[in-house]
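Structural features, examined
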Amino acid sequence: MGTLTMKFGGSAVGTTTALTQVVSIVLQEHERWDQVLLVASALEGVTDALLEAAHLAKLDNRRGYRRIVATIRTRHLALVDQLPLNANERSALHADIDRLLFDMLDTCQTLAQPTMEEANTLETIDSVISTGERIAARIIAALIRSNGLRGVAIDTTEIIITDDNFSDAKPDMDETCQRLHDYLSPMLERGIIPVLTGFIGATPKGKTTTMGRGGSDYTAAIVGVCTGSQEVWMWADVDGMMSTDPREIIEAKVIPQLSYDEIAELAYFGARIVHPRMIGLVRQRQIPVRIKNVYKPQQTGTMVCAEAKSEQMVKAVTSIRGIGFMANSSGPLSEIQAFIHETMKRVLGSAADVTIYAQSSTRTFLCVVIPTPAGPNAADTMFQAFEQTLEETSSLQHWSITPVSIITVIGDTSGQHSLGHIFTALNDLRILAISQGPGYCSLSVVVTLEDSREALQYLHDLTR
């Protein structure tokens, strides 16, 4: 059947039960496909813990980061001891985990040096937080070998070549594809299953880089494209892409099919299952993506492809935090936009991708979208940074800021009929700004935080 790339997220590798499911899935798909490649994420929560350890190391808080590393070590060793591994595999894993964490501790010690420059700090942090994926890949490969298959853990620092934009690196696709071909083809021809580390790569000089939050998804897309995979499967602990966050709306349901454009909008505006940057790669090569539940592999999940047929006008609704800027004046927005971009670049490492604004002759409203990959605390962090910097910028004293919510409808928003249904559903809720996506598959409305839950419910009712 060709080549299949499968990515297993942190929730799919974090417990004995989940890893047992992973092995079962690999055994089954190995029989169905000519070649199978795996991409492994760190165990759920490990990357965040490592990032905290790196920040504590930068503050020279040795007790703090050593405590975190000890907890990570205990968690991984306990997991390994519960897995059905032979004695040699278990012993080797223990040694590998200790070696990787010891090397990471050694790297942490360099972060507190007063002479370390900012660029070197980011580089060192990338090296620290890459450890989670390295350990996870080795655990999965050992488990595969213990079940009669030939699995090999591969650090993608050897084959995914990126620029030196540490913490948000971009791959050199030509060089990466060549290396993937040279490195992996002999293995695949011999029936070996490569287990690649997600999230990480390296500069041409061999310095470890990371590709941002959710970067393991991006790795899966890179591997899928470079190996000519027929499909890319994303395994998590949910049944597929949901019509909204089930923690917010209990009526949320699985979406059977989504187009590349629809999944990209979903990923950017709130859905955490896939990374927005991976979609562009698979769309270029028209590689279908399946999102499946590791605990329910028999279910079809969600298929992402070029054309997703559906009779529903609205397929999904998302909600994310944003930051609203308001001024009792009109005029050019260049100064406030430059301020927003510079502040976000300084605090988050990346400028604002999307802004939504509304303007009249006497008032201006501008909303900054804080994308999902920036992390769960990014909106609060940016609000504090904007508030402080605004107070220090005399030319922008007439601007005020407030937290807002961005509710995005995914589906057919191209006609008056669709728009009429959407605006009618919102009843009398106050809308601060509106933005329709250029592909006519999304419509975002900005509302106050107080109206967020109500707006989400009203619009999700349109998915029925």
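To start, this report covers the structure provided alongside it. Source: prediction; values computed, not measured. (Residues numbered from 1 in each chain as written. Predicted model: local features only at pLDDT ≥ 70, side-chain atom pairs only at ≥ 80, totals over all residues. Heavy atoms only, no water.)

**Remarks on the side chain of Thr-131**
Basically, it comes down to this: Elements are defined by DSSP. Helices are runs of H or I of four residues or more, strands are runs of E of two residues or more, and each kind is numbered from the N terminus. In the analysis that follows, any N or O atom pair within 3.5 Å is treated as a polar contact, provided that within protein one partner can donate a hydrogen and the other can accept it, and provided that, for residues neighboring in sequence, both atoms belong to side chains.
As for its position among the elements, Thr-131 is in helix H6 (residues 131-145). Of the polar contacts made by the side chain of Thr-131, one reaches the backbone oxygen of Val-128; its length is 2.8 Å.

**Examining the state of the cysteines**
The bond known as a disulfide is covalent and runs between the sulfur atoms of two cysteines. Note the cut-off: Throughout, disulfides are identified as pairs of cysteine sulfur atoms within 2.5 Å of each other. Partly exposed residues are those whose accessible area sits between 20% and 50% of the maximum for their type, while under 20% is buried and over 50% is exposed, using a 1.4 Å probe and protein chains only.
Under the definition given, this model contains one disulfide. Disulfide pairing places Cys-177 opposite Cys-226 at an S-S distance of 2.1 Å. Handedness here is read from the sign of the S-S torsion; for Cys-177 and Cys-226, about -70 degrees, the answer is left-handed. A residue pair is termed long-range when its members are at least 10 positions apart, and Cys-177 in helix H7 (residues 173-189) and Cys-226 in helix H8 (residues 215-226) qualify at 49 residues. You can call Cys-226 buried: its relative accessible area is 16%. Free cysteine Cys-441: the closest other cysteine sulfur is in Cys-305, separated by 13 Å. A relative accessible area of 10% places Cys-441 in the buried class.

**Digging into the sheet that holds strand E7 (residues 231-236)**
Strand-to-strand pairing in sheets goes through backbone hydrogen bonds, with the strands running parallel or antiparallel. What counts is decided by this rule: Two strands pair if DSSP finds at least two bridges between them. For helices, the fitted axis covers only the stretch in contact; all axes are lines through C-alpha atoms, and the angles between them, taken along N-to-C directions, range from 0 to 180 degrees.
The sheet built from eight strands is open, its strands ordered E3-E4-E2-E1-E7-E9-E10-E8 with mixed pairing. Two strands lie at the open edges of the sheet, namely strand E3 (151-154) and strand E8 (257-259), each paired on one side alone. If you compare each strand with its neighbour and ignore which way they point, the axes differ by 20 degrees on average. The sheet contact formed by E7 and strand E9 (residues 289-293) spans five bridges and is parallel.

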